[in-house]
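Geometric and topological summary
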Amino acid sequence: MSIAKGLATLAAGAVFGFGLALSGMIRPEVVLSFLQLQDLGLALVMGGGVVVTLLAYKLLPRLLQKPLLGGTFGMHPSDWNRDTLRGAALFGVGWGLTGVCPGPAIAGLGAGNFTLLWAVLGIALGALAQGWMADR
Amino acid sequence: MAVMDILQTPFPLGWQHYLLGGLCVGAGVALLFLFTGRIGGMSSVFSSTWSFALRRPFFQQARLVDSRGWRLAYALGLIGGALAWWLWRGGGVPESTDVPWWLLLVGGFIAGYGARLGHGCTSGHGICGLGSLQWPSALAVLTFMATAFLTANLVTRWIA
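Parameters and conventions
- Residues numbered from 1 in each chain as written.
- Chains lettered and ligands numbered in written order.
- Predicted model: local features only at pLDDT ≥ 70, side-chain atom pairs only at ≥ 80, totals over all residues.
- Heavy atoms only, no water.
- Contact = heavy atoms within 4.5 Å.
- Buried area = accessible area lost by both parts, 1.4 Å probe.
- Salt bridge = Lys/Arg side-chain N within 4 Å of Asp/Glu carboxyl O.
- Polar contact = N/O pair within 3.5 Å; in protein donor to acceptor, adjacent residues only side chain to side chain.
- Helix = DSSP H or I, 4+ residues; strand = E, 2+ residues; numbered from the N terminus.
- Nonpolar A, V, L, I, M, F, W, Y, C, P; charged D, E, K, R; others polar.
- Buried < 20%, exposed > 50% of the residue type's maximum accessible area, 1.4 Å probe, protein only.

Describing the interface of chain A and chain B
With 109 residues of chain A at the interface, the matching set in chain B holds 112 residues. Buried surface at the junction of chain A and chain B, both sides included, amounts to about 10100 Å², of which 76% is carbon and sulfur. On the chain A side of the contact with chain B, Phe16, Tyr57 and His76 of chain A bury the most area, a combined 8% of that side's loss. The tally of links from chain A across to chain B stands at 2 salt bridges. Taking the shortest distance from any N to any O, the salt bridge between Arg56 of chain B and Asp135 of chain A comes out at 3.6 Å. Along the contact surface separating chain A from chain B lie 24 residue pairs in polar contact (both at pLDDT 80 or more). Counting only elements with at least two residues in the side of chain A that touches chain B, the list comes to α1 (3–22), α2 (28–35), α3 (41–63), α4 (82–98), α5 (102–110) and α6 (117–134) of chain A. At 17 residues, the largest contribution of residues to the side of chain A that touches chain B is made by α6 of chain A. Across the side of chain A that touches chain B, the residue classes break down as 67 nonpolar, 32 polar and 10 charged.

Next comes the structure, spelled out in structure tokens:
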């Protein structure tokens, strides 16, 4: 990975993380208040995020032949099968239990919420178990 | 009653920071795409990072090994961005949560397992998948929203 790409990736992550913090998504209580229908904020966060992403994914490949630092424009791999269904259903259960999903679990650490290390550990172990089972 | 409340006061804490925060999240994903062409979901880093330590075939797949460096950089950026927000608006008080550690561990495990099995989380399917108009991602989002909604409401009944 070139230094320029590394720095651009770091910067993009920082804008993402700043957004997660600003929107309150790094607070599990705010996410749970959405899921318990007390505050619709999360829908605005997701809506805002999707609109910007949609514009970028649609327009950039038309305006540019390749990304500014080289390479090719990728695509989110998306299949619908039993694993996607079961995985998404399980993911929702874990998310609903805690109000914590992968991005905010990581970003929350930057705002000093070190209790979220338990969630980071849990997600990492869950990903480990999934990969381990996939090999069997 | 909750349904009545939410119709009258959909955003008890205000709505601007939600929208601005969401636009920033999208801008982060867009910048990553603009500079590198990469698709910036967040759950893959939890699989790809294991490839540094584990020799098992699953973790040595090219898609994990080849992306493990930038995914870690992206995750590090996430922490830095949240730190910047905290220095600006945190008021010197670290963020905290009342969700107990064991629930974070157990719920995290289920969410991590599910996100990797289903190839995406709230950012992978929710932001990147919907942002590329993929119907499987839309179905995944509907699925995890439904189970999360059910779970969160049952947990309040049982625990609180």
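Picking up where we left off.
Here we look at the environment of Leu117 of chain A
All names here are of chain A. The residue Leu117 is located in helix α6 in this model. Classification of Leu117 as partly exposed rests on a relative accessible area of 45%. Taking the C-alpha atoms as reference points, Leu117 and Ile106, separated by 11 residues in sequence, lie 8.1 Å from one another.

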